[in-house]
Structures are given as structure tokens and as C-alpha cells.
Amino acid sequence: MNRLIRGFLLLPALIIALVVIPTVVFSASSDGADLFLSGGVSDHRSTLFQSIDPTPAGTVPNGTVPGPTPTRSPVIVHPPTPPHHHRPPVRQPHAVPTPIVPTATATPTGPQDEAVIGKERIEKVIGDRLSSVIYAFTESGWLYRADDNGRVWSLMSTQPGVDDFVMSAANPDVLYSGAGIPCSDGITGSVPMLKSIDGGVTWTELPNSANMRPLLAHPGDTDSLFAADCEMLYLTTDGGLTWEAKPDSSPDGLWTNYRVVDMAASSLLGDPQPTTPNWNQLFAAGLDASGTGVVAFSNDLGDTWVRLTPNIDPAPWGMSALAADPFIEGLVTFAEPKSVWFTENFGVNWQVTTKGLSNVVARSGSGAAFGLNDIVHHPSDQLYLATARGLYTKAATADTWTKIEDTSFDLIELTGILFTESSPNKLWLNSVDGVFTYEIE
């Protein structure tokens, strides 16, 4: 069967395999010190503990499945069809600036690798891998947009109503924004989610969206979005007019104990590759009250989930970023304060790497800034990692990270990475000191 059929049949087989294959093999590498896992971890692969096996049926001996053959075809930049909007009712206008006529401005070469529009520094960029559209907030607070991977910018608003949002690749005019409230005891309040259908010029409040944060916009359907608050995962399929709670109806009931903090999709799997991205394979990362992390998989729009990380409580890992390759089945990576985890077979085997990251992973008593803040799978089969001090990279299956040096952001905390399929060799790096760019040779 081809990958697309396998994707639809995957979840029942995954659940069956939970009983059939009990062993998960981990490998880890370190800079000469024991890792945080029980008993320490050497630089060589070793079996650390037993856990759930969420693999499809048809496994080979030793509890592993053959790695899928990577295939990539040119990606059509969306929207492929005329956009369709659902305009939500307006309860209260929210910081609606006077509409302005966008004006184009070319971006000259900035100082070294700092990203600028004209002579003004860019403070943050927002986009989607499957779209050539990039939004940028400048140091003056103005909102710009480029439809050509950041070559020519148009001014959208001098008084944007928000400073962060999620963009729909299906229609880059549609943006969702919501900060929610901190998910800790004793903090109360009500912060609505907002939506723009004109590229951030105006914003309206979505009904019944108090304290929701947008997590994942459907890359092929403008009206579909996953969001979460401190208690529950939600799905809208009508542009935010109504919301369906997704509590996880599997026996694990994962979202009872974990709150979802990040999501990803393998949206272009299949042979032939689908012309429109889909949500046939979804991944979600969660955290419980103690900081223990979990990664789970769904192929039924979030009704049921299968745990991909070992079923350990408390677990010796947290969660800071999740990534799934949109073209390759079962290839998932997540970063957490102490290491990076990588699987290419839905969690049957996890490779845990810290080698090369000793200066940026969490170490008790070190006193130095640390953090692994974002991670992406690049079409070159490299992983790129945004850290507390610069950018790191490695081949997906390698065991050592290499720092990218001789840049303006060597010692700067990077908070996010953006690139587009139509211009993959240019990385846009959000940081605490503005935006930098890095050209992949």
C-alpha cells in the first residue's frame, strides 16, 4: 500500500501495537558527562527502559519498522484556490486602526546578517513553511508584509492591534491571534482570541474563545484551526465561529493530565504527493503540571491520540518545540531543556542527542543562560536548532550538533526559525535582539 492509505489505517494499528511490541530503544550521546536519564547515558546506543510501542502493524523483529523512503516533490505555494472567508460577528471592535494603503519598499542589504526594512530593524517575522508570504514587525511597531519570501515589503499597518499571530498558508490574509493567560495556579482573567481577514489591518474578537491560543492553522483550509487553553484542546472548522473540544477519547485520555503546547502536521505525505495539504497525520506536544512532556499522534483530527514518548511518570524530559517533516512519514523531532529527541519510525526508536550542545543545554548550578527554543526539519535533511546562544545544525541521523559560527548572532538567544519551501536556503531567525538571516550554502 502506498503511504497515503497507510496514513488512514495507522491509528488502529498503532493501538494494537501497544500490546504487541513493548520495547523502545533509545540512543544518546553527550559531551563526556552523564545525561539526565536514569543511570546516565554514554555516547553509544543503549537500551534504557521499556515503554509503549506505537508502531503500525507489519513490524520486523526487534520492535522496529523500516524507515520510510524520503520523497519530496516541488511544493505549490498556497492558496491554490480563491480564498473563502467566514467573517465572525463583531462583539467589540479591537484597536482598529484607520486602514491604510500598503506601499512597497525594497529591502537593501542590512548590516551583516541583521534583517531590515529600509533602515529599520525587523523585530519579528511570522509565516508558514508552505507559503511565500512573510509578515514582519519592525522596531517602530509597524506591520509589513512580503509576498515574495521577504524581497519587497508592503506596509500593512502603523498601529497593528496585536504583536503575534498564526498565519494560514491556505490564505495568508487570514491571521489568528491570542496570548491566553499563564497556566499557573492563582492567575485569572479573560483574554479573547482575535482574527484578521485583511492581513492584520483590522481585527475582530472570536466568540467563545476566552484564553485560547492558536496552535496550528490548516495549510489547505483557511477555516480550520487547532487552539488550546490551560485545560483543553479545541478545533474549529468554520473560521472560529464555533469550537469543538478535543479531550482525547483514547484510554490514555492524555489531555486530562497534559495541556497541549505545540502541534505539527505531516501534511504532504502520499504517492503521488497530494495537491492540497491535509491533516491526516497530526502530532501534539504537551506538558503536565510537573513539567513532564509528552508527544502524541492522531489520524482522526484529534479525537484519539497515541502516545509516542515512553509512558513514564514523572518523565525526565520537558518540552520546548515540536517538528514533523511534512513529506516523510513518522519523522518527528522535539527539543526540551536538556536534549533533542529524534525518531523516524513513530517513536519505536528515539535518538537522544546532547553532544555539541554542552554550552546551551540546562545544567544544574551552571549559572549560564540555556535553552533549546525551536527546531526545524530542512529539505536538505539537516536539522536546525535555535538556542540560547546561536544556531546549531546536524544531519538528522548524526549524533553531534555543530554550532554555526562567524555570524552576528553567535551569542544571541534565538527564539524561532522560519523558512519557506519556495526559498528554503534562507533562514529567518527571530531573537531577543531582533531578526537575523542565515544563507545555507
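What counts as what
- Residues numbered from 1 in each chain as written.
- Predicted model: local features only at pLDDT ≥ 70, side-chain atom pairs only at ≥ 80, totals over all residues.
- Heavy atoms only, no water.
- Helix = DSSP H or I, 4+ residues; strand = E, 2+ residues; numbered from the N terminus.
- Buried < 20%, exposed > 50% of the residue type's maximum accessible area, 1.4 Å probe, protein only.
- Pairing = 2+ DSSP bridges.
- Axes fitted to C-alpha atoms, helices over the stretch in contact; angles between N-to-C directions.
- Phe/Tyr/Trp six-rings, centres within 6.5 Å; stacked < 30°, edge-to-face > 60°.

Enquirer: I would appreciate a short explanation of unusual backbone geometry in the present structure.
Expert: The phi angle of most residues is negative, glycine excepted, and most peptide bonds adopt the trans form. Looking along the chain, the bond that leaves Asp 271 and enters Pro 272 is cis, with omega of 10 degrees. By secondary structure assignment, the location of Pro 272 is in the loop between strand E16 (259-265) and strand E17 (282-287). Residues other than glycine seldom take positive phi values, yet Asp 248 does so here, at roughly 70 degrees. Residue classification places Asp 248 among the buried residues on the basis of a relative accessible area of 5%.

Enquirer: Could you clarify how one ought to interpret the sheet that holds strand E18 (residues 293-298) in this entry?
Expert: Hydrogen bonds between backbone atoms are what pair the strands of a sheet, whose relative direction is either parallel or antiparallel. What the four strands build is an open sheet, ordered E16-E17-E18-E19; its pairing is antiparallel. The sheet terminates laterally at E16 and strand E19 (306-307), the two strands that pair on one side only. In this sheet, E17 lies alongside E16 in antiparallel orientation, the contact comprising six bridges. The residue bridging Arg 259 from the neighbouring strand is Leu 287, located in E17.

Enquirer: It is not clear to me how the sheet that holds strand E30 (residues 434-439) should be interpreted in this structure. Could you clarify?
Expert: Judged by pairing direction, the sheet is antiparallel, and its three strands sit side by side in the order E28-E29-E30 without closing on themselves. A strand with exactly one partner marks an edge of an open sheet, and here the two such strands are strand E28 (414-420) and E30. The mean inter-strand angle of the sheet, taken between neighbouring strand axes irrespective of direction, is 25 degrees. Here E28 runs beside strand E29 (residues 423-431); their pairing, made up of five bridges, is antiparallel. Its bridge partner lying in E29, Ile 417 is registered against Leu 429.

Enquirer: Whenever I open this one, the packing of aromatic side chains confuses me. Can you help?
Expert: Each aromatic ring pair is summarised here by two numbers: the centre-to-centre distance and the angle between the ring planes. Taken as a whole and assessed by the stated rule, the structure comprises 14 aromatic pairs. For the ring pair Phe 137 and Phe 165, a centre distance of 5.9 Å and an interplane angle of 55 degrees mean the geometry is tilted. Placement of Phe 137 in strand E5 (residues 134-138) and of Phe 165 in the loop between strand E7 (152-157) and strand E8 (166-167) is noted, with a sequence separation of 28 residues between them. A relative accessible area of 7% means that Phe 137 is categorised as buried. Between the aromatic rings of Trp 341 and Trp 350, the centroid separation amounts to 6.0 Å while the plane-to-plane angle is 70 degrees, which identifies the pairing as edge-to-face.

Enquirer: Looking at this structure, how should I read the pairing of strand E25 (residues 382-387)?
Expert: Working note: regular strand, side chains alternate between the two faces of the sheet. For E25, a buried count of five out of six residues is recorded, marking the element as mostly surrounded by other parts of the structure. In this sheet, E25 lies alongside strand E24 (residues 372-377) in antiparallel orientation, the contact comprising five bridges. When the bridges of E25 are listed, Val 376 appears paired with Tyr 384. What sits between the antiparallel neighbours E24 and E25 is a turn of four residues, in which Asp 381 has the positive phi angle 65 degrees. Taking the residues that link successive antiparallel strands as the turn, the E25-strand E26 (residues 390-395) hairpin has two residues.

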